[in-house]
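Fold and contact review
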Amino acid sequence: MKALITLLLLIAVVALWLASNYDRTGLFNTEIVKPHLVQDNLIEPPTKHITADHDTFNNDKSVVSPAENDGQLVIMTRPDWSLDNNLLSHFNRLELAAEQGDTTAAYVLGMNLRNCYFVPHDDAELAERLQQAYQFNDNGEAAAENAERYEFCLGVDKQQRNQFYAYLEMAASNGFVPAQEAVALITPEQYMHAAGYAKLERNAYVAKRIGYIQQQVDFLLSAAQHGSIKALIKLSQLHYAQTVGKDGRLQAYAFNQMIMELTDDTDLYNRYNWFQQRALPEFTAEEVEQATAISEQWLNTIKANGTLYLHNQE
């Protein structure tokens, strides 16, 4: 009888020990798994960069989401718009391709026409330009460059050269980021002259100029959303100068944060880090938090689009 009681007590002790061990194991597993899930929700993996060629742009290209590309940004290569021989030998082919919807052809033609826009149109203008170069005693380098550019553009008339903006706008309106960046480099005065608006009466002139500047900003915003650091830099400059939008300095601070996040250039990073440190005393803690939220929202859009255009890559 005693042996039976002892056996029953032993079985009870073993059962209690097993139950206690099971509870501790369940608690241990809960403590490990739950923080891991929270970490996955709050901390994004570091952005990875991979390289890909970008020779054409397709408007129908699907947007790459972070879930599809694992947070990676594809570094896009801008097309090389330089041409061999002279522009006239390529003009008809590029013009036809652009008219058929080839955005790369429109971009290449627009960039070369813009280059020729600043080149002498005839021998007399070339002679004048060469004389100016010789007066600066540049050992003939500027004169040789002027002569070379003149030969490249020879045969393309003034009216054709003035069409540079039309082709760049064609590509930019179709979402071609390098063309959108290029439009930002065209001053309002150059645009007004090339488009034939230079002699409009004042009110009409001002309206056209304002419309062009707004179009520049729209193209810059689109390019920036697709990871163009050049566009982010230009937008930062415009907002800092308070020439567009509202809360300009705060917006510039947010764009500077994006530039620092995306660039792989140490010098550029250090330059904008210095800008940020200098600007920081201007803002309250709430304003800095607001700028950080703006920056994060933009970066999420850029990562969703999945592309990156480095500022020092042509």
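Residues numbered from 1 in each chain as written. Predicted model: local features only at pLDDT ≥ 70, side-chain atom pairs only at ≥ 80, totals over all residues. Heavy atoms only, no water.

Another aspect to go through is the overall build of the protein. Of regular secondary structure, the protein possesses 15 helices and three strands. Each of the 314 residues in the protein was classed as buried or not, and the buried ones make up 37%. Here the protein displays about 19000 Å² of accessible surface, and carbon together with sulfur accounts for 55% of that area. (Helix = DSSP H or I, 4+ residues; strand = E, 2+ residues; numbered from the N terminus. Buried < 20%, exposed > 50% of the residue type's maximum accessible area, 1.4 Å probe, protein only. Areas by Shrake-Rupley, 256 points an atom, 1.4 Å probe, with all protein chains shown as cover.)

What follows is about the packing of helix α8 (residues 164-173) against helix α11 (residues 202-225). Angle between the axes and distance between the axes: these two values describe a pair of packed helices. Between α8 and α11, the least distance of the axes is 11 Å, while the angle of their chain directions is 40 degrees. By the criterion of interaxial angle, the relationship of α8 to α11 is oblique. Judged by the sense of rotation from one axis to the other, the crossing of α8 with α11 is left-handed. Facing α8, whose interface residues are Y165, E169, A172 and S173, α11 presents Y212, Q215 and F219. When its residues are assigned to classes, the contact of α8 with α11 shows four nonpolar, two polar and one charged. (Axes fitted to C-alpha atoms, helices over the stretch in contact; angles between N-to-C directions. Parallel < 35°, antiparallel > 145°, perpendicular 65-115°, else oblique. Left-handed = near helix turned anticlockwise from the far one by under 90°. Contact = heavy atoms within 4.5 Å. Nonpolar A, V, L, I, M, F, W, Y, C, P; charged D, E, K, R; others polar.)

For any pair of aromatic rings, the description consists of the separation of the ring centres together with the inter-plane angle of the planes. The tally for this structure, following the rule as stated, stands at eleven aromatic pairs. An angle of 90 degrees between the planes, with centres 5.1 Å apart, marks the rings of Y117 and F118 as edge-to-face. A relative accessible area of 14% means that Y117 is categorised as buried. Plain terms: the ring middles of F255 and W298 are 5.2 Å apart, the flat faces sit at 70 degrees to each other, and that makes the pair edge-to-face. With F255 in helix α13 (residues 248-262) and W298 in helix α15 (residues 285-305), this pair connects stretches of sequence that are 43 residues apart. Across the pair, exposure class does not vary: F255 and W298 are buried alike. Among the aromatic residues, ring-to-ring pairing joins Y165, Y191, Y197 and Y212 into one connected group. Sitting above the plane of the Y240 ring, R249 keeps its charged end 4.0 Å from the centroid. (Phe/Tyr/Trp six-rings, centres within 6.5 Å; stacked < 30°, edge-to-face > 60°. Lys NZ or Arg CZ within 6 Å of the ring centre and 35° of its normal.)

In this section: the nonpolar core. In this structure, L87, Y107, L113, F164, Y165 and L168 are the most contacted members of the largest nonpolar core, which totals 40 residues. Taken together, the elements giving at least two residues each to this core come down to α3 (88-99), α4 (103-117), α5 (123-135), α6 (141-153), α8, α9 (177-183), α10 (188-194) and α11. Considering each element in turn, this core owes the most residues, nine residues, to α4. Residues contacting L168, with those up to four places away along its chain left out, are A106, Y107, G110, M111, A179, A182, V183 and I186. If you look at the next biggest cluster of nonpolar residues, it comprises 37 residues, including M76, L220, L268 and A291. (Core = buried A, V, L, I, M, F, W, Y, C linked by side-chain atoms within 4.5 Å.)

Bringing the pattern of salt bridges into the picture now. All chains considered together, the criterion is met by four salt bridges. Close ionic contact of E125 with R129 constitutes a salt bridge, the shortest N to O distance being 3.6 Å. Residue E125 and its partner R129 are both found in helix α5; the two are separated by four residues, about one turn of the helix. On the basis of relative accessible area, R129 is assigned to the partly exposed category, the value being 24%. (Salt bridge = Lys/Arg side-chain N within 4 Å of Asp/Glu carboxyl O.)

For the protein, the mean per-residue pLDDT works out to 80, and 76% of the residues sit at or above 70. Low pLDDT (under 50) marks residues 1-9, which in the prediction has zero contacts with non-local residues, meaning those over four places away or in another chain. Confidence over residues 12-68 falls short of pLDDT 50; this stretch has 55 contacts with residues more than four positions distant or in other chains. (pLDDT = per-residue confidence, 0-100.)

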